Amino acid sequence: MSNYGSLEEKEGRPVLVFQRNYPFSPENVFRFITDPDYFTQWYPFATGEMDLTVGGKIKFDDGEGSLYEAVITEFHSPHAISFQEIDDLLEIRIDATEQGSTLTFRHTFDDREMAIYTAAGWHRCLDALGQLINGRAVEWTDNALELREFYKKKFM
């Protein structure tokens, strides 16, 4: 299984899907998604303010003065968290496997034209998440342009 994302469609909207495998239990992986200290290191614009309940809010700051909130629509520790971020739906599922766990990340959005950029961005964020899960310090690789080229070929 590759670390690259795929583009699907659900109810007429594009959905980016990524899967990553880890040699750790779902409980171990889930804390990197739901612990604000880790979440802010891999998720863009996260402030660390999270109310981890259905209907709870996750707060974001785009760094340019705009604050906004996502609303948690599903929360089943340690296997699933979903939230509505403005018009987008983010779904993260963690399933136990014989080797540890598989994380599935889905982002449902509206603007198909942005899929290349969005895929490259999430690819990089999930690479950072993987570094955290594997006990390493986050190092952001300067690979956005290569990833955009890759996804442009893959999605067009």
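Residues numbered from 1 in each chain as written. Predicted model: local features only at pLDDT ≥ 70, side-chain atom pairs only at ≥ 80, totals over all residues. Heavy atoms only, no water.

Draft legend 1. Region of interest: the packing of aromatic side chains. Per the stated rule, a full pass over the model turns up 16 aromatic pairs. On the basis of an interplanar angle of 85° and a centroid distance of 5.2 Å, the ring pair of Phe150 and Tyr151 is categorised as edge-to-face. Take Phe150: its relative accessible area is 32%, and that puts it in the partly exposed class. (Phe/Tyr/Trp six-rings, centres within 6.5 Å; stacked < 30°, edge-to-face > 60°. Buried < 20%, exposed > 50% of the residue type's maximum accessible area, 1.4 Å probe, protein only.)

Draft legend 2. Inspection of the environment of Ile72 at higher detail. In this fold, Ile72 is placed in strand E5 (residues 67-76). On the basis of relative accessibility, which here comes to 1%, the residue Ile72 falls in the buried class. Expressed as a C-alpha distance, the spacing of Ile72 and Asp127, which sit 55 residues apart in the sequence, is 23 Å. In this structure Ile72 touches Asp51, Leu52, Thr53, Val54, Gly55, Gly56, Ile58, Ile81, Ser82 and Phe83, once residues within four positions along its chain are discounted. (Helix = DSSP H or I, 4+ residues; strand = E, 2+ residues; numbered from the N terminus. Contact = heavy atoms within 4.5 Å.)

Draft legend 3. Looking closely at the pattern of salt bridges. Throughout the structure, instances matching the rule amount to five salt bridges. Among the ionic pairs, Glu69 bridges to Lys59, the shortest N-O distance being 2.6 Å. Of this pair, Glu69 sits in strand E5 while Lys59 sits in strand E4 (residues 57-61), and the two are 10 residues apart along the sequence. With a relative accessible area of 36%, Glu69 lands in the partly exposed category. Across the pair Arg93 and Glu74 runs a salt bridge whose closest N-O atoms are separated by 2.9 Å. Linking Arg93 in strand E7 (residues 88-97) with Glu74 in strand E5, this pair joins segments that are 19 residues apart in sequence. (Salt bridge = Lys/Arg side-chain N within 4 Å of Asp/Glu carboxyl O.)

Draft legend 4. Inspection of the environment of Glu9 at higher detail. For Glu9, the position within the fold is in strand E1 (residues 6-10). On the basis of relative accessibility, which here comes to 63%, the residue Glu9 falls in the exposed class. Each C-alpha atom, one on Glu9 and one on Thr108, is 8.4 Å from the other, the two residues being 99 residues apart in sequence.

Draft legend 5. How the structure looks around the packing of helix H1 (residues 26-34) against helix H3 (residues 115-133). At their nearest, the axes of H1 and H3 sit 10 Å apart, and the two run at 125° to each other. One finds that H1 runs oblique with respect to H3. Judged by the twist between their axes, the crossing of H1 over H3 is right-handed. Judged by residue contacts, Val29, Phe32 and Ile33 of H1 engage Leu129, Leu132 and Ile133 from H3. Tallied by class, residues from the contact of H1 with H3 come to six nonpolar, no polar and no charged. (Axes fitted to C-alpha atoms, helices over the stretch in contact; angles between N-to-C directions. Parallel < 35°, antiparallel > 145°, perpendicular 65-115°, else oblique. Left-handed = near helix turned anticlockwise from the far one by under 90°. Nonpolar A, V, L, I, M, F, W, Y, C, P; charged D, E, K, R; others polar.)

Draft legend 6. Focus on the environment of Arg124. With respect to the helices, strands and loops of the structure, Arg124 is situated in helix H3. Sequence spacing of Arg124 and Tyr43 is 81 residues, and the spatial spacing of their C-alpha atoms is 9.9 Å. Not counting the four nearest positions on each side in its chain, Arg124 is found in contact with Trp140, Thr141, Asp142, Asn143, Ala144 and Leu147.

Draft legend 7. Layout of the side chain of Thr102. Within the secondary structure, Thr102 sits in strand E8 (residues 100-108). Looking at Thr102, its side chain comes within polar contact range of the side chain of Asn21, at 2.6 Å. Ignoring anything within four residues of it in the chain, the contact list for Thr102 reads Gln19, Arg20, Asn21, Arg93, Ile94, Asp95 and Thr97. (Polar contact = N/O pair within 3.5 Å; in protein donor to acceptor, adjacent residues only side chain to side chain.)

Draft legend 8. Looking closely at the packing of H3 against helix H4 (residues 144-155). Orientation of H3 relative to H4, taken along the N-to-C sense of each, is 130°, at an axis distance of 8 Å. Overall, the two elements H3 and H4 adopt an arrangement that is oblique. Considering only the axes of H3 and H4, their crossing is right-handed. Along its contact with H3, which presents Ala115, Ile116, Tyr117, Ala119, Ala120, His123 and Arg124, the element H4 presents Ala144, Leu147, Arg148, Tyr151, Lys152 and Phe155.

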